[in-house]
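The lines below spell out each chain.
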Amino acid sequence: MRYFVSRVMFFVLTLWAAVTLNFIIPRLQPGDPAQTMVQRLAGQSEAIDPAAIRAVQIMLGLPTGSIFEQYVDYLQAVVRGDFGISYTYFPYTVTHMIAEALPWTIVLVGVTHVLGFVIGTLLGAAAAWKRNGKFDTVVSLGSTFIGTLPFFWIALILIYVLAFTLRWFPEAGGYSGEIDPAWSWAFFGDAIYHGILPALSLLITAPIGWIMGMRNNMVHTLGEDYTRLALAKGLRQRRVALTYSARVAILPNVTGFALGLGTILGGTVMVEMIFGYPGMGKLMFDAISNRDYPLMQTIFLFTTIGVLLANLCADILYGVLDPRVRREAQT
Amino acid sequence: MTERASLEPGAVSPEGAGSPLLSVENLSVSYAATRAVRDVSFQLHDGEFVGLLGESGSGKTTLGNALLRLLPPPGRISEGRVMWWGSARTGEAREGPEPHRAGRDLTTIGQEDLRRLRWREMSTVFQSSMNSLNPVLTIETQFRDVIEEHTAMRGAPARQRIGQLLEMVMLDPSYMRFYPHELSGGMKQRVALALALALRPRFVLLDEPTTGLDVIVQRSILDNVRALQREQGFAVLLISHDLGTVMEVSDRVMVMYAGKIVEDQRASTMIAEPMHPYTRGLLGAYADPRAREVEIAYIPGRPPDLSRPGQRGCLFAPRCQEAIDVCRAEEPVLSAMGQGEAACHVAEAAYAAGDGRRDQSARAGEVFTAPAGRTDRGPRVERRQEVLAVAGVHKRYRSRRGLKVTEVDAVQDVSFVLRAGTVTALVGQSGSGKTTLARMVTGVERPDTGSVTFGELRVDRLRGRGLKAYRRHVQLVFQDPFAALNPAHTIGYTLSRPLINHQDVTGAALRPAIEELLERVGLSPASTYIEKYPHQLSGGQQQRVVVARALAPDPEIIVADEPISMLDVSIRAEILELLDTLVRERGIAMLYITHDLLSARVLADEVLVLHNGKLVESGATLEVIRGARDAYTRQLLDAIPNPFATRRG
């Protein structure tokens, strides 16, 4: 129990640090965002009217007061979920934009991440159990081969063959223009239909790492005395493979998986750009190319929180799965 | 000594009447080109306690794995059968289906049949690598899964049974809630033993069950095994390299060399009358440290490489002192002679001619003697020059976890002196503070209080450059020679480093200096070793290289940390002799750290016995070992398996 409490305390501490850094860093940057914005609206050569800058400052709700007051305001805003107004998507708030993009990403990347882990771990375990057999050879060689291919290349081939030539799937987008985004079955079906290609391209490469990791770990645990003893005990093959060999071999993979969860919130810039998918990756890309500081900052904050949560998840999962870790924290 | 008497084999008649329980017929096992087990045949009867004695690479563990059909790939049984004759045990009802009465060949029966036979009929305790329990399951689960797999027992009765099993090996039933990492090494091995007996098997294979455990723990586990074996009547095959243990607890002993069983006879007669020269050699490497005079011998040479095809004759012949012409031409087969069986032409001829006695003493091989007094070794110990003095040192370790601080007194008020040309043995079990003291001597660790003085130098106050300069005077010989040598460098390179760093030997002078070092440690001709890599040498040769490296800076002190414990029994005396010669000839002061009182008895002038960080006894070796005053020292001495003493008594 102490182990879990200490992990949660550590999480709260790092979260506070991350939020604070997110407050400090933009304030260390030179320049005034209002000035930048007016400049952009007016064009490079025009002289800037100070009144316009003031107007923009008020419009964007730029901070005033001492640094300490700002900090308190900021913390309150974070708790309320108020991150200001996006420059690019004015007059929408940052929160609104993120709320729009987040579900797309969570579904696409989340589902493929989990599926990739499950498929990869199972394949890796099966390959290790039948090591040096036909299945192992195909899986090991196959994953090594696919692992060398660049991801975007696979995505482009998929678009070319399945979308452009065969016309089975749409080439881009998260949903069709003619259907209103609403909570309807038609819309869900359409969204899933659009999601298949990006998901497929993610799923081809996602399991590779898990396959290799699981196979190597499990080949190791298969050679351990406790696995051999389990065989000598006359337990069923399935039980030996799962409870003795795979159960221990999966531990490092679980950490990797949980840590990977953190990156979901950031989306995958490459996939979303290639498929024109309306998720966090695309939003981040747009924010960066338009110097949309509030949006960028908030996305970074989300990513950080995601990674921290994932770390907490990994620690807790590991604590549940590996009794040795729990004890280390106690003594 | 009542405990020792209870271990006397022979109280139960080992020769169970009638058919055997297990018979191995012409079994051969190979790993790719290596024939690890060659044409082995033997029988095991119900309730018999048989020892399988062999050194590393003899094929004893491979044989054990083959019996259980647990050979790791690419190992496979290339020839022969392992017949299991599971006739029903008399007077005992067994659950489940009646075991098969007809013999079954374990090498060919189907996986499912084999699985049902496993653990119910035959179980095992693996080498105490501390790894034979699943780290993520509780002890209870690991009992429960095998009980539920093979019997109808579930729930509370199963739990009760597990509790009984743990009590049987002298563990509290509450330990069943624990995970393996929460238990000590000895406790884990007890759990493994209880697990092996969970289903009351007919046959238990014990593969080095106590190797790596402290002598006292080792002793108590073996006593436990032997008592349970008498009580429950299962048959045991005990695989071990430790002659003392095997001889003491087994009814019958089989000796394995180069993949073959070379001798098979009752332990009691083997002690008195070993037939094979290899057995004689092994027995010669063993002695009672408390005897008035201790002689230990070694067998020169090294075991053959079994991957090389076309080897003719007896594979022991190249190391054999008694070999005759026929030994080099024709490989002997195991046949009845004397009071057992042996595979040896010489012994066979001797038995054919008469009572089998041969001229040479049983201690064949080179002999390394430790005389009762040390009169031959220069002036009395007290008059020799003091090299290093450790005075009243304390060391306390703190470990902090959150707000809780735990303190361990690793060393408390220890004082001793190292003298030139003298070996001081530091004896104690793991955790006694031996290593901490060694680290203080080498300057790696500083005592909290007290002093370590080398001549005028306060070692405990050295830092930086001074410490580096001091290292030249103190060198180390490690336990595992292979781990102590960088596998990526040749022997020549490894030895050149200390010469360059400490002795400023460079250029053309380097090679002769290296060759001289190699010759000095008995690796001759040196030129054949310079270009070799560590893996190309045997364990004994590697340890010689480690000793040569320690000699390179011409040190005043050598700290040898268990230098022979990883080596095969038959060559241990060889390294001891080398260390002895170097110490006497070069006037080196040696701190010899060990848990092995026999080697301390042979090599050391003085013995310091360490227990829980305190010096409990110290003095001249002979006085300490023969006239131990401290209770702990006596306990250590009693824990040494001692077949010689028992037989005499």
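Here is a short report on the structure shown in this document. (Residues numbered from 1 in each chain as written. Chains lettered and ligands numbered in written order. Predicted model: local features only at pLDDT ≥ 70, side-chain atom pairs only at ≥ 80, totals over all residues. Heavy atoms only, no water.)

### Focus on the overall build of chain B
(1) Moving on: Counting its regular elements, chain B contains 24 helices and 24 strands.
(2) Moving on: Expressed as a percentage of the 649 residues in chain B, the buried residues total 57%.
(3) Moving on: Restricting to contacts in chain B with at least 6 residues of sequence separation, those with at least 24 account for 70%.
(4) Moving on: Accessible surface computed for chain B: about 26600 Å², of which carbon and sulfur atoms make up 49%. (Helix = DSSP H or I, 4+ residues; strand = E, 2+ residues; numbered from the N terminus. Buried < 20%, exposed > 50% of the residue type's maximum accessible area, 1.4 Å probe, protein only. Contact = heavy atoms within 4.5 Å. Areas by Shrake-Rupley, 256 points an atom, 1.4 Å probe, with all protein chains shown as cover.)

### Observations concerning the side chain of T227 of chain A
(1) Moving on: Looking at where T227 of chain A falls in the secondary structure, it is placed in helix α9 (residues 225-232).
(2) Moving on: For T227 of chain A, the residues in contact, after removing those within four places along its chain, are T221, L222, V240 and S245 of chain A.

### Looking at the interface of chain A and chain B
(1) Moving on: Tallying the contact residues gives 29 residues for chain A and 31 residues for chain B.
(2) Moving on: Across the chain A/chain B interface, buried area totals approximately 2700 Å², and carbon plus sulfur atoms make up 56% of it.
(3) Moving on: Interface area lost by chain A to chain B is led by R228, L229 and K233 of chain A, which between them contribute 23%.
(4) Moving on: On inspection of chain A and its partner chain B, the count reaches three salt bridges.
(5) Moving on: One salt bridge connects D145 of chain B with K233 of chain A, and the closest N-O pair in it is separated by 3.2 Å.
(6) Moving on: Summed over the shared surface of chain A and chain B, the number is 12 residue pairs in polar contact (both at pLDDT 80 or more).
(7) Moving on: Those elements giving two or more residues to the side of chain A that touches chain B turn out to be α9, α10 (237-262) and α14 (323-330) of chain A.
(8) Moving on: Split by residue class, the side of chain A that touches chain B holds 11 nonpolar, five polar and 13 charged. (Buried area = accessible area lost by both parts, 1.4 Å probe. Salt bridge = Lys/Arg side-chain N within 4 Å of Asp/Glu carboxyl O. Polar contact = N/O pair within 3.5 Å; in protein donor to acceptor, adjacent residues only side chain to side chain. Nonpolar A, V, L, I, M, F, W, Y, C, P; charged D, E, K, R; others polar.)

### A word on the pattern of salt bridges
When the charged atoms of two side chains with opposite charge come close together, those side chains can pair.
(1) Moving on: Taken as a whole and judged by the stated rule, the model has 45 salt bridges over all chains.
(2) Moving on: If you follow the salt bridges from partner to partner, you end up with R236 of chain A together with R104, E112, D113, R115, R116 and E149 of chain B in one network.

### Re the pairing of strand β23 (residues 606-611) of chain B
Residues and elements named next belong to chain B.
(1) Moving on: Counting buried positions along β23 gives five out of six residues, so the element sits mostly inside the fold.
(2) Moving on: Bridge count between strand β17 (residues 423-427) and β23: four bridges; the pairing is parallel. Paired with V427 across the bridge in β23 is V609.
(3) Moving on: Across six bridges, the pairing between β23 and strand β24 (residues 614-620) is antiparallel. What sits directly across from L608, in β24, is S618.
(4) Moving on: Between the antiparallel neighbours β23 and β24 lie two residues, among them N612 with a positive phi of about 50°. (Pairing = 2+ DSSP bridges.)

### Thoughts on the sheet that holds strand β2 (residues 34-44) of chain B
Residues and elements named next belong to chain B.
(1) Moving on: Within the open sheet, the four strands sit side by side as β2-β1-β4-β5. Their pairing is antiparallel. A strand with exactly one partner marks an edge of an open sheet, and here the two such strands are β2 and β5 (104-105).
(2) Moving on: Pairing between strand β1 (residues 22-31) and strand β4 (residues 75-84): eight bridges, direction antiparallel. In the sheet register, V29 faces β4, and the bridge partner there is I77.
(3) Moving on: Packed on one face of the sheet, helix α2 (residues 60-67) meets β1, β2 and β4 and runs near 120° to β1. (Axes fitted to C-alpha atoms, helices over the stretch in contact; angles between N-to-C directions.)

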